[in-house]
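# Geometric and topological summary
Read off the chains here:
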Amino acid sequence: QVQLVESGGGLVQAGGSLNLSCTASGSIFSINTMTWYRQAPGEQRAMVARLTSGGSTNYADSVKGRFTISRDNSKNTGFLQMNSLKPEDTAVYYCKMILTVSGIDRMYWGQGTQVTVSS
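Below or above, wherever it landed, is the structure these notes cover. Only a predicted model underlies this, so the values are computations on that prediction, with no experimental measurement involved.

Residues W36, L80, M82, Y93 and L99 are the most contacted members of the largest nonpolar core, which totals 32 residues. Only β3 (18-25), β4 (30-39), β5 (46-51), β7 (67-72), β8 (77-82), β9 (91-101) and β11 (113-118) provide two or more residues apiece to this core. Ranked by residue count, the leading element in this core is β9, at six residues. Non-local contacts of M82, meaning those with residues more than four positions away in its chain, are made with G16, S17, L18, L20, R66, F67, Y93 and V115.

Turning our eyes to something else, we now look at the sheet that holds β8. Read from one edge to the other, the open sheet built from four strands follows the order β1-β3-β8-β7, with strand pairing classed as antiparallel. This sheet does not close on itself; its edge strands, each paired only once, are β1 (3-7) and β7. Strand after strand, the sheet turns through a mean of 15° between neighbouring axes, direction not considered. With six bridges connecting them, β7 and β8 associate as antiparallel partners.

Right, let's get into the pattern of salt bridges. The final tally for this structure, using the stated rule, is three salt bridges. For D89, the salt bridge goes to R38, with nearest N and O atoms at 2.9 Å. Pair noted here: D89 is in the loop between β8 and β9 and R38 is in strand β4, with a separation of 51 residues, a long-range link. The structure contains a network of salt bridges with shared partners spanning R38, R66 and D89.

Cut-offs and rules
In this numbering scheme, every chain counts its residues from 1 along its sequence in written order. Whole-chain, interface and lining totals are the exception, using all residues; otherwise, since this is a predicted model, local features are given only for residues with pLDDT of at least 70 and side-chain atom pairs are given and counted only at 80 or more. Only hydrogens and water are set aside when side-chain values are computed; all heavy atoms of the structure are taken into account. As used in this record, nonpolar core signifies buried Ala, Val, Leu, Ile, Met, Phe, Trp, Tyr and Cys residues forming a set joined through side-chain atoms within 4.5 Å. Only protein chains enter the accessibility calculation, which uses a 1.4 Å probe; a residue whose area is less than 20% of its type maximum is buried, one above 50% is exposed, and one in between is partly exposed. Elements are defined by DSSP. Helices are runs of H or I of four residues or more, strands are runs of E of two residues or more, and each kind is numbered from the N terminus. Contact criterion: two residues are considered in contact whenever any of their non-hydrogen atoms come within 4.5 Å of each other. Pairing between strands is defined by DSSP: at least two bridges between the two strands are required. In this analysis an axis means a line fitted to C-alpha atoms, helices contributing only their contacting stretch, and an angle means the value between N-to-C directions, from 0 to 180 degrees. Salt bridge criterion: a side-chain nitrogen from Lys or Arg within 4 Å of a carboxyl oxygen from Asp or Glu.

Next up, the structure:
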């Protein structure tokens, strides 16, 4: 059974950095698209950054130049490096992966990790 496990969240002061990770476990052939989302209280879940299997990236305007998405295919792990954090970045962050499992592309979500940025 495939699972995504996230880590790296926490409490940080404004201007600080965090590096989130998302590791897929199980019988995985490949990682296709990986996307990080976030959801602040009272708001809808929104895309933060996306990395395709071909290496293309796109970012929400609010995080461009501050966040970097990457992955290590050998470890089935994706990352979100977050620099110059702002209080408005406070949210629960979720990773979503499209994985090829048993020859079929399937979508999986991580459990979410809390990021809190204090002013």
